[in-house]
Amino acid sequence: MTGEARIIDGKATAAALRAEIGREVAAIRAARGIVPGLHVVLVGEDPASKVYVASKEKLAVEVGMNSVAHRLPAETTEAELLAKLAALNADDTVDGILVQLPLPKHIDTGRIIDAIDPAKDVDGLHPINAGLLAGGKNGLVPCTPLGCMLLLKQALPSLSGLDAVVLGRSELVGRPVAQLLLQADCTVTIAHSRTRDLPGVVRRADIVIAAVGRPRMVKGDWIKPGATVIDVGINRLPDGKLTGDVDFAEAVTVAGAITPVPGGVGPMTIACLLKNTLTAFHARRR
């Protein structure tokens with residue numbers, strides 16, 4: 001294949017999704033006098049987490065949702081955080097609960113995720129939602145994998161029968177996106193650091209999802225000509241620039257379609273958080 005891949009524009013797709021959500025929220029407000037409520041819990045002063053939470057708050061307000069951020073000090077105990085979650089679980093005006101990760105080291109992240117009402121778990125990380133996804137049933141799906149699938153479906157007319165390789169096996173991205181690809185009738189391989197002949201495995205794929213957290217690991221000659229590449233990685237280089245897990249400059253000359261970093265999967269994650277909040281609202285308040 002010659003020329004350059006089509007760029008999959010995550011910013012534009014996310015903006016369109018947020019606009020669609022905004023219209024639906026406005027219709028709910030007009031018909032019922034209520035709006036979905038998204039509550040984000042931030043413990044401590046992690047700079048990146050503070051930026052993420054502010055962005056989530058701003059975009060939730062933009063689409064007309066009730067957005068509340070609970071900012072707790074770093075010394076908050078696990079028991080205090082569990083009590084906060086119990087209160088949010090019991091509050092009927094709260095449709096979505098997200099606990100911003102990472103949490104301070106003295107708090108057990110697993111216990112906190114398990115304590116969120118699965119019906120309000122808009123991050124899609126509760127074991128019940130993970131089990132529903134694994135069983136092909138309806139639940140709340142992690143935001144980044146959901147965003148990956150929306151971008152894929154935009155880039156490809158049909159996913160059925162395609163070979164997909166997922167690089168990375170994390171509970172946040174790798175495993176759930178593999179389940180979603182299976183549901184879309186792809187043939188799915190999950191590859192990781194122990195995979196033998198990793199370049200050869202990736203080279204077979206019609207779809208490559210890169211989510212390993214290693215800058216520019218996937219080279220252009222790993223990519224099958226014409227393949228669709230979704231780069232989930234966000235890595236900051238020593239010069240301050242962001243780059244993905246795929247060597248974009250090389251891959252763009254081989255792939256058929258590819259997401260950039262930044263401007264690809266990233267914007268879709270928050271848009272899908274808002275989508276999940278709307279989904280939770282409809283499921284809870286029929």
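Let us look at the structure shown here.

Cut-offs and rules
- Residues numbered from 1 in each chain as written.
- Predicted model: local features only at pLDDT ≥ 70, side-chain atom pairs only at ≥ 80, totals over all residues.
- Heavy atoms only, no water.
- Buried < 20%, exposed > 50% of the residue type's maximum accessible area, 1.4 Å probe, protein only.
- Helix = DSSP H or I, 4+ residues; strand = E, 2+ residues; numbered from the N terminus.
- Pairing = 2+ DSSP bridges.
- Contact = heavy atoms within 4.5 Å.
- Axes fitted to C-alpha atoms, helices over the stretch in contact; angles between N-to-C directions.
- Core = buried A, V, L, I, M, F, W, Y, C linked by side-chain atoms within 4.5 Å.
- Expected span 1.5 Å × (residues − 1).

### Brief notes about the pairing of strand β8 (residues 228-231)
With burial as the criterion, each face of β8 is covered, one bearing T228 and I230 and the other bearing V229 and D231. As judged from the 4 bridges shared by strand β7 (residues 207-210) and β8, these two strands associate in the parallel manner. Bridge pairing links V208 to V229 in β8. Here β8 pairs with strand β11 (residues 257-258) via 2 bridges, running parallel. Residue pairing across strands places V229 opposite I258, the latter belonging to β11.

### Some details on the environment of A227
Structurally, A227 can be placed in the loop between β7 and β8. Note: C-alpha distance between A227 and A164 (63 residues apart in sequence) is 9.6 Å. Setting aside residues up to four positions removed in sequence, A227 forms contacts with A205, D206, A255, G256 and A257.

### Notes on the sheet that holds strand β4 (residues 96-99)
The 3 strands lie next to each other as β3-β2-β4, forming an open sheet whose pairing is parallel. Each edge of the sheet is formed by a strand with only one pairing partner; in this case those strands are β3 (66-72) and β4. For this sheet the average axis-to-axis angle between neighbouring strands, irrespective of direction, equals 15°. Bridge count between strand β2 (residues 37-43) and β4: 4 bridges; the pairing is parallel. Pairing of L38 across the sheet is with G96, part of β4. Seen against the sheet, helix α2 (residues 47-62) touches β2, β3 and β4 and runs at an angle of roughly 160° to β3. Helix α10 (residues 265-284) contacts β2 and β4 of the sheet and is inclined by roughly 125° relative to β2.

### Here's the deal with the nonpolar core
Counting 55 residues, the largest nonpolar core has L152 and I209 as the members making the most contacts within it. Here this core takes 10 residues from α10, the largest share from any one element. Apart from residues no more than four positions distant in its own chain, L152 is found in contact with L159, L181, I207, I209, T228 and I230. V202, V246, V252 and A255 belong to the second largest nonpolar core, which has 22 residues in total.

### Quick word on the environment of E20
Mapped onto the secondary structure, E20 falls in helix α1 (residues 10-32). Measuring from C-alpha to C-alpha, the distance between E20 and V63 comes to 8.8 Å, with 43 residues separating the pair along the chain.

### A word on helix α3 (residues 78-90)
For α3, with 13 residues, the first-to-last C-alpha span of 18 Å sits near the 18 Å given by 1.5 Å per residue. Against the buried residues of α3 lie β2, β3, β4 and α4 (109-115).

### Considerations on α2
With 16 residues, α2 should cover 22 Å at 1.5 Å per step; its first-to-last C-alpha distance of 23 Å lies within 8% of that length. Residues of α2 that are buried sit in contact with α1, β2, β3, β4 and α10. Remark: G64 follows α2 within two positions and exhibits a positive phi of approximately 90°.

### Focus: the sheet that holds β8
Taken in spatial order, the 6 strands make up an open sheet running β1-β11-β8-β7-β5-β6, and their pairing is parallel. The outermost strands of the open sheet, each flanked by one partner alone, are β1 (6-7) and β6 (187-191). By the bridge criterion, 4 bridges tie strand β5 (residues 163-167) to β7 in an arrangement that is parallel. Looking across to β7, one finds that V166 is bridged to I209. Each of β1, β7, β8 and β11 is contacted by helix α6 (residues 143-155), which is oriented at about 155° to β8, the strand it contacts most.

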